Each structure stands twice: as C-alpha cells, then as structure tokens.
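What the coordinates show
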Amino acid sequence: MKVAVEVIEAADLLPKDGHGASNPFVEIRFNNESQRTQTRFNTLSPTWSETFFFSVPESSLLANLTVTASVLHEPVKGRSQFMGQVVLSGSSLGPAISSSIQWFPLEKRFFFSRVRGELCLKAYFLDDEDEFITKNTSQKKEDEKSKTDTEHVKTKKQDPETRVFHAVPAGGDKKKTAPSPSGKGGGPAQPDYNLIDTSPSIPALTREHVNSKISSTYDLVEVMQYLFVYVMKARDLPTKDVTGFLDPYVEVKLGNFKGITKFLEKNNNPVWGQVFSFSQHQMQADYFEVIVKDKDVLLDDYVGRVKVNLTDVPHRTAPDGPIAPVWHRLEYKDGSKLRHGEVNFAAWFGTQADESFPDAWQSDAHDVNYMGVINTRSKVYFTPRMAYLRISVLEAQDLVPIDKSKPLNATLKVQYGQQSRKTKPAGSANPAWKEDILFVACPPFKELLIITVENSGQSLGRLFVPLSSVARNDQGKRIPPKWYNLLSPDATIDEAKREERFSSKIHLKITLDTGYHVIEESVQYSSDFQPASKKIQKSAIGLLELGILSARNLSGVKAPYCVARYGPKWVRTRTLLSTNSPRWNEQYTWEVFDPCTVITVAVFDNGHVSDKGGTDKKIGKVRIRISLLQTNRVYTHFFPLVILQPSGLKKNGELHLAVRFTCTAWVNMLLQYSKTRLPKMHYSQPISIMQQEQLRARAVALVTERLGRAEPPLRKEVVDYILEVPSNMWSMRKSKANFYRVTSLMSSFSSIGKWIDSILKWKNTFTTLLVHVLFITLVFFPELILPTVFLYLFAVGVFNYRFKPKRPVHLDPRLSQADVAHQDELDEEFDTFPTSKNMDTVRFRYDRLRTVVGRIQTVAGDIATQGERFNALLSWRDRRATWIFIIFSLLLAVVVFVTPFQVMALLVGLYILRHPKFRSKSPSPSFNFYKRLPSRADTLL
C-alpha cells in the first residue's frame, strides 16, 4: 500500500520577504519520510500541482500514522521560515476513487506562530503506484476541470454562504475537511461522515448575551417569533336549529393557514381552551380571523367572525404573565355586528420560550386533523425509578399432596404482573430450594406478589403478598426471612386477609432492593447510574443543555421529529410536516450526576400524523459522551445521521445541535472518577450476567409500556432504537470491528517493540547512546526509576495536549466497519433469530463462520501453548529440561548472591544493548530452550 499526496496550490499566505511576498514551498512528512515541492518565488498564492508517494509498512498501521504538509518560506540566505501546516490522520484517508480536492486552513505549530492562508491538497491511499500513474494520464482532463472548479471555489470564499469545513485530525478531530469543491469529476461522490463546525446566530455565541445581566433560558437555539391565539370560550351564540342548540367550533385563519378547534355538540356556551401558533415566516396576511362555525353533515354553517389586525397584537416576553383573554362581539362577513354572540380569546406575539408553545397547534401541521395534531406536539417524559424485587425461596414445611398415591415433587411458582419464575423441583414434604428469584418492579408498587406451591402441575397452596408490606433494602443489609402460612389452592385475595390457625408453611425472604440501578440500556453508553432509593442517590454535579436547532438534507422524510434521552428524562420535539430541512429550535436541560454518561439524540419520521397510522421510521442518531465536553463551552456542529440497513450504510442527512455542559460542583465531579459507576449493591451482591439480560429485557418492556401510555406516545420502535435493544446479537461486521480495535490497540505495543529493536540494532547511534546513559544512571541511582517513569508519562501527556480533540465524538462508520460491510454480512446481521433463511444460505454462512473461528482457535491455541511451556519448566514433564532449568537457577542464585545487584544489572543491560557486530543472527540459547519445552498440544485429539 502507498499513500499519495497531491499538493495543488495555496492562497492568502503570510508575506515573509519584507516586500509583501514570499518564496513558498511545501514539505510533506509521512512515517519518518519527507519530500518537498519546488519553490515558487515572489507570490502569496502559489501553484504546484505536484504528487508525492509514500510507502506504508503495514496496512493496519495506516490509522496511527499522520501526513504533515508544512508550508515554508525559502529566504535568499538563512534557514527556512515556517508559514503554517496541515496535519491529516491516516484514518481520514480514503481510496483514490472517493478522494477529492480539499481546502485546509493552515494551523500553527506552536502557540506563538503567526499563520495565515489555506492549502489545497488531495490525499488518499493506493494499492499500486503504477496503477495510479496509468489512471492519471486517462483522467488528465478531469483533473484540469477539477482545478478550474477549485479556482472558482476560491473566488467565492468571500461569499457568506460558503462554509469552510474541518477535517479529521491526527489522534482526534483536529483539522478541517471539506467536500469536493466541484460536485463532478473524479468518480461518484461519497458521503461525508465527519462533523461540520457551524456558528449559528444563537444568543449563547453573541457578545450581547455574555454582557447581559439576565441570560435567556433559550440561549442555545435561534429565537423564533410566533403569533399565539388562545381561544378560550364563547357565549350566547345565535341558534339556527329548531332544537335551539349549535354544534360549534372555531376556525383561526391567517392567510392560507387555518387551525380548527374540536367541535362541541349541543352547546351554545362552549369552552375550548386551545392555543394556536403561527410561525413568523408563514404569515401571509396582515390580519387574522377567529371564525365561529356550526358543524353540519353536509356543509358547515357560518356563525360569525372577529377580524384582528396584526399591528394591534401586543408582544409578550417570558417570563411575563399570560395575556388575559377578551370578549369580542361576533360580526358578519360584511363587518356588521351580530345582535348577540361573543367569543373570548387572546392574541400575542411570543417565542418558543412561551409556556403555551408545547401544547399549541402549530401552523406547520395545518393540514392534519385534530387527532393527528396530538402526535405532532413536543413533550417531556419521565420514566420511574424501577427496582429489583428479590424473593429468596428457602424451604417449606408440612406440604400435603392432593393425590397421596403420587410421590411429592414440589416446585414453587412466583408471579408478579406479567413476570413468572419457577424453582427446581424438590421431592420431600419439607423441601429445601434455597434459590433467589429476581423481578423488575415499577412504582407505585401496587401489584400483588402471587406465590404458588405446585406438585406435577397441581396447586398445593397459595400466598398473596402486597408489595407495601415488603421490606426495602437500599444498603445491602441482612434482612431476616419470615414464615408464611399457605392458603388453600383455590383461595382468593379476600381470604388472604384473615389468618389461619394451622396450615402448610413456607420460609421466604422478600425484599425490594432499591439499592440497585435497574439496567435497561447498554452499560457502555448508559445515561444513568442512579439507584432507585432516593436516600443514596448522588447530588447533581452540573447541568447539560441541549439545543436541537435543525436538520438538513433528510432523505425520504415527510414528518421529522427528534427524541433525546438522558437519565429518566425523555424529550420529544414537535413534528414539522412536508420538509426535509426542519427548524425545531427547541432547548432542553438535564441534571448531570455522573460525567461518564452518554446522551442519545435520534431523528424519526412520524408515521402517525394521518388516520392510516403506521410506524415511525428511523433516520439516524447521535451519541455524545458528557466527559468529553469542556465545561461552559458551547458546541455547535452538524452531526451526520447514518443508519445501517440490509442494503448497506446510508447517510440520511445531518442534525444541527448545540450542546453545553455546565459544572456546578467541581470537587464532586473530580471525585466521581474514583468512585464505582454502579451503586455498591451491584458489587456487594452481584447479579449474574444471564439474570441481567433477562431483567434488562423486562425493564425495557416496562419502559416501553409506560411511555406508550403517554400522550403523545413514544412507541416501541422509538424506545428500542434509543435503548439499542438488539445490541447483543452476533454479527460478522461487529466481530471485524472489534478485531480491528484490538489490532489498533496492539499496534502501539508493536511500535514500542520496533523502537526497542531499533535501539538494539543501533539504527540511530545517538539515540542508542542516550539510552545507554539513561540506563547506567538508573542502575547506579535506582531511586530515580519511578520518578523517571512518572515524569515521562507527564511529558508525554503535555506533548499530546496540542492534539486534544476539539469536537465531541460521533458514530464512526469506518470504525464500525459499516462502510465496507459485505451485502451478505448485513443480510445475516438483520436476519431474525432463529434464522428465516433457506438451508443453502445457512450452510454457506456456517462454513464461513467455521473459517473465521478456525483462525481464532489457532491464536487461542498458540497462547495456550506458550503458557503450558512456561508451566512445564518445573512440572517435570520433560525431566531433562527441568534438570537443566533448576541447575541453571541454582547457579544463577549463587552468582546473584555474590555479585552486587548494580553490577549484575549493568552487565545484563550492556549485554542486551551490545552492538550488532557482537550479535548472532540465530536465536539466543534461552529462546531455543523455551521453544523446545513441551506443551499439551500433542495430547489433543
């Protein structure tokens, strides 16, 4: 593999020659190799159009390497002067077919560097340099066209609509990237999965907000103006029916937009209490009308109206009190007043900070019926703190079988709501089970716990236990068990209230363990670790504020809305109809109790705005880890909305968010890093992995049931997508992603090994001599070993500070192997469980799985072999080898005893660091001895 870097041109460079110009050239560095372009004299906008190639030692190391393009000034005399640089990580490089010309702003090398201008590059990787050269000649015309388009983009840089995007940096998100300056030429356009920096006009980013004494609650979103009309009621309406009653409703009309209240049957003094809001950019008239109509089967009758000019509507600024509704006399279409009939309403101009905004009818949903409007409103939901219900089944006494001819083989069945468990059978009149049964209980804990003792399916007795009488355990204390009297098999709940004098007894310990955190989402990106008990919950350490601004380029979406979840609080934005670039501008706030938590924001297409109904389509989601955010900083980015489908990875648009984390307790936040993530009961009384999976499935079902009963409901497909319910299913793509994660992690150790090998082979004499000096110093001053190690860690951390990520992380398709997943692998990942494919497909996948697992099996066998060889040193499996080792150990013990430790360490270290001239090309005797030790591999079948 090779890396190709095309240096196209630069623009607006800093003058360096003292006469308003410079002599720039570009130096490219990659993997300790450097190449440079020719020098362009007396210019600030040079053009090079030169291509450089670098070899990659291993394809797996490309993600850990960096491409550094430094722009330098070549003076007539003296050293070259730095003018700026661009650093690209190897993980941001793609194949040649998907690469494009990109403009990068030059960045500083040091804090005091003076930098200005931009550099135009094109970087990608190749499998063969010759292949590229042949392609380069055939695409010469297209490259010239791309260059022309690049110049066109450069001339438009002053256009305020043109954005400068940022690229993926080395070791994090540091540099800027941009899509191809021209949308054509050079192959099909590939989707951009990187974050895009933005500077929206929100109060939190303006100087006026910083200097103001009172900050707005909605400072992370753009201020949007709305006309609010609150229709309260009507009275003394004129009758047009022989019955003397109307079926009235009100129509609020502004231009072509109109909202309708619910109609009330047979009521001349109706009360509606509904709010209508019209967005400022949808105001198509200078007045609005409040029209009262009578519902009719064929044609609704016109009763009267009130016409109000918008210039007469007052402005209301939160937190002012509500505008008082006023009685208005109805009038005919010609403007004459009705003899009787009045409508009571209020109108005002406000923003989305108005308390009436969430429940108001929106002009964006003007063509939706009254029932459909309910599914378009923004709401806030809270899920209760669930707890684990633990039933310790110990034993029973004096069980009486119904059929005495059959042997007694008793089991105990416990049922709580829709959850049911059974113990193992015990064949005795006094059975002892000693089993723990766990359920998920949801407040207000009103359901009864039903316990039944059965023998071969026949009930021997029942027991009803209300949860109000169950002991609460929030500290992991020892609670003594109790003996309960069993009722007759056909006993009812009313009979459970009276005590029986003598009956069979059962020994149980029932507790409501409120010291646990009920896990309903994956721990890796959990948003909450608080226990159910309020007594032991942690205090808040800060606030998380999220501004859901807008989205753009949503594909195949008719009614988009957002759902955000953090902790027990779920929020849902309003649904905007008939747009693929919605502007929500809604802001929400959460209390933060643990910085190592994740907030999830997802976009859906509402499928319930019509009478037909349907499911809410998943568009994409974003996860943001709180601990990666700087405090009091506002992050505004376009996040890519990507989703993995059976047809492949698809980008459905971009979501514009503004995020801010404010810390209110610095000491508590820092102490959180030394505390356990989950409550103490998870460690003092741990729950098995199998039980956790079963309890998590039940917890998700309870959350889905609770949110599904809200108005508007959050449906099952939404909850499952937010909580990642099917995340534990195996897939080839996930296995590859985890394998490459391990490979990337081990590459750092490989780099250390290569560095040590270069020291031992004296590739760099100065570095090797420096290591000799450091080694001898540490041998004679061993007290400096630990300080040196920690000082080195401190220096590395300070050095890497300049590479710190400046953006929140987002879903990475490349790390997930989603952009290169094979079609059959995706089909297998989205297959049902158990599989629904035909036998030939299953056989092919099984053979492929055997191949992959065979490689893993080989690696596991090699690791086991090395461990068994080490164990064989003293196990006398190979007597001669063990004799050699123990005699050598005895001699070595005598030598080490009579020789000072510093002298021994010095001799061993100098022997290891000896020059290659004194080394043998064959492996060392100790290595050969270890390789000859026996393992248990030869005893395997």
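Residues numbered from 1 in each chain as written. Predicted model: local features only at pLDDT ≥ 70, side-chain atom pairs only at ≥ 80, totals over all residues. Heavy atoms only, no water.

Quick notes on the overall build of the protein
Across its full length, the protein holds 16 helices and 37 strands. Of all 941 residues assigned to the protein, the portion counted as buried reaches 44%. Contacts in the protein between residues far apart in sequence, at least 24 positions, make up 69% of those at least 6 positions apart. Of the roughly 51,600 Å² of accessible surface on the protein, a fraction of 56% belongs to carbon and sulfur atoms. (Helix = DSSP H or I, 4+ residues; strand = E, 2+ residues; numbered from the N terminus. Buried < 20%, exposed > 50% of the residue type's maximum accessible area, 1.4 Å probe, protein only. Contact = heavy atoms within 4.5 Å. Areas by Shrake-Rupley, 256 points an atom, 1.4 Å probe, with all protein chains shown as cover.)

Describing the pairing of strand E33 (residues 583-592)
The two faces of the sheet receive side chains in turn, since in a regular strand these alternate between them. The buried fraction of E33 amounts to seven of the 10 residues, a majority that puts the element mostly inside the structure. One ladder, built from eight bridges, connects strand E30 (residues 542-552) with E33; its direction is antiparallel. Looking at the pairing, Leu 544 lines up with Trp 590 of E33. (Pairing = 2+ DSSP bridges.)

Focus: the packing of helix H10 (residues 765-780) against helix H15 (residues 901-912)
For the pair H10 and H15, the least separation of the axes is 9 Å and the interaxial angle reads 165°. Taken together, H10 and H15 sit at an angle that is classed as roughly antiparallel. The hand of the H10/H15 crossing is right-handed. Taking contact as the criterion, the partners of His 772, Phe 775, Ile 776, Val 779 and Phe 780 in H10 are, on H15, Gln 902, Ala 905, Leu 906, Gly 909 and Leu 910. For the contact of H10 with H15, the per-class residue count stands at seven nonpolar, three polar and no charged. (Axes fitted to C-alpha atoms, helices over the stretch in contact; angles between N-to-C directions. Parallel < 35°, antiparallel > 145°, perpendicular 65-115°, else oblique. Left-handed = near helix turned anticlockwise from the far one by under 90°. Nonpolar A, V, L, I, M, F, W, Y, C, P; charged D, E, K, R; others polar.)

Considerations on unusual backbone geometry
The residue after Pro 443, namely Pro 444, is reached through a cis peptide bond having omega 10°. For the bond from Glu 711 to Pro 712, the omega torsion is 0°, close enough to zero to count as cis. The phi angle at Asn 32 is positive, at roughly 65°, despite the residue not being glycine. For Asn 32, the location among the structural elements is in the loop between strand E2 (24-30) and strand E3 (33-36). A relative accessible area of 85% places Asn 32 in the exposed class. One non-glycine residue with positive phi stands out, namely Glu 724, at about 55°. You can see Glu 724 is positioned in the loop between helix H8 (716-723) and helix H9 (732-760).

Points about the side chain of His 517
Here His 517 is to be found in the loop between strand E29 (505-513) and E30. Within the local environment of His 517, its side chain forms a polar contact with the backbone oxygen of Gln 530, the two atoms lying 2.8 Å apart. Excluding residues within four positions of it along the chain, His 517 makes contact with Arg 385, Tyr 388, Asp 528, Phe 529, Gln 530, Pro 531, Leu 678, Pro 679 and His 682. (Polar contact = N/O pair within 3.5 Å; in protein donor to acceptor, adjacent residues only side chain to side chain.)

Comments concerning H15
Taking 1.5 Å as the rise per residue, H15 with 12 residues should run 16 Å; its terminal C-alpha atoms sit 16 Å apart, in good agreement. Where H15 is concerned, the buried positions are Met 904, Leu 906 and Gly 909. Looking at the buried positions of H15, the neighbouring elements they touch are H10 and helix H14 (879-898). (Expected span 1.5 Å × (residues − 1).)

Concerning the pattern of salt bridges
All told, the structure shown has 38 salt bridges when counted by the stated rule. Ionic pairing is found between Glu 342 and Arg 235, a salt bridge with its closest N-O pair at 2.7 Å. Of this pair, Glu 342 sits in strand E18 (residues 337-351) while Arg 235 sits in strand E11 (residues 225-235); the two residues are 107 residues apart in sequence, bridging distant segments of the chain. One network of salt bridges, in which partners are shared, links Asp 824, Asp 827, Lys 837, Arg 845 and Arg 848. (Salt bridge = Lys/Arg side-chain N within 4 Å of Asp/Glu carboxyl O.)

With respect to the confidence of the model for the protein
This prediction gives the protein a mean pLDDT of 83; 89% of its residues lie at or above 70. Contacts of residues 129-189 to residues separated by more than four positions or lying in other chains number 104 contacts, the stretch itself having pLDDT below 50. This model gives residues 210-215 a pLDDT under 50, and the stretch forms one contact once residues within four places in sequence are excluded. (pLDDT = per-residue confidence, 0-100.)

With respect to the sheet that holds strand E34 (residues 598-605)
Neighbouring strands of a sheet are bound in pairs by backbone hydrogen bonds; such pairs are parallel or else antiparallel. Read across the sheet, five strands follow the order E20-E32-E31-E34-E35 without closing on themselves; strand pairing throughout is antiparallel. Looking at which strands have only one partner, the edges of the open sheet turn out to be strand E20 (379-382) and strand E35 (617-625). Mean inter-strand twist for the sheet, computed between neighbouring axes without regard to direction, equals 15°. Inspection of the sheet shows strand E31 (residues 560-566) paired to strand E32 (residues 569-572) by four bridges, in the antiparallel sense. Bridge assignment links Val 563 to a residue of E32, and that residue is Arg 572. Along the sheet, H8 contacts E31, E32, E34 and E35; its crossing angle with E34, the most-contacted strand, is approximately 145°.

Description of a nonpolar patch on the surface
On the surface, a cluster of nonpolar side chains totalling about 720 Å² of accessible area is made up of Val 742, Leu 745, Met 746, Phe 749, Ile 752, Trp 755 and Ile 756. For Ile 756, the location among the structural elements is in helix H9. (Patch = residues over 30% accessible without salt bridge, like charges linked within 9 Å, V, L, I, M, F, W, Y side chains within 5 Å.)

Side note on the packing of H9 against H10
Relative orientation of the contacting elements H9 and H10 amounts to 95°, with a least axis distance of 8 Å. With respect to H10, the element H9 is oriented roughly perpendicular. Here Trp 755, Ser 758 and Ile 759 of H9 lie close against H10, whose contacting residues are Thr 767, Thr 768 and Val 771.

Digging into the packing of aromatic side chains
Considering all chains together, one arrives at 14 aromatic pairs under this definition. Taking the centre distance of 6.4 Å and the plane angle of 75° together, the rings of Phe 288 and Phe 345 count as edge-to-face. With Phe 288 in strand E15 (residues 287-294) and Phe 345 in strand E18, this residue pair connects regions lying 57 residues apart in the sequence. Side by side, Phe 288 and Phe 345 carry an identical accessibility label, which is buried. With centroids separated by 5.4 Å and ring planes inclined at 85°, the aromatic side chains of Trp 876 and Trp 883 adopt a geometry described as edge-to-face. Looking at Lys 569, its charged tip hangs above the ring of Trp 590, at a distance of 5.4 Å from the centre. (Phe/Tyr/Trp six-rings, centres within 6.5 Å; stacked < 30°, edge-to-face > 60°. Lys NZ or Arg CZ within 6 Å of the ring centre and 35° of its normal.)

Quick look at H9
For H9, spanning 29 residues, the distance from its first C-alpha to its last is 41 Å, which sits close to the expected 42 Å at 1.5 Å a residue. Its axis deflected by about 25° at Ser 747, H9 carries its strongest bend there. Buried residues belonging to H9 abut strand E36 (634-645), H10, helix H12 (823-829), helix H13 (839-871) and H15. (Bend = angle between axes of the 7 residues up to and from the residue.)

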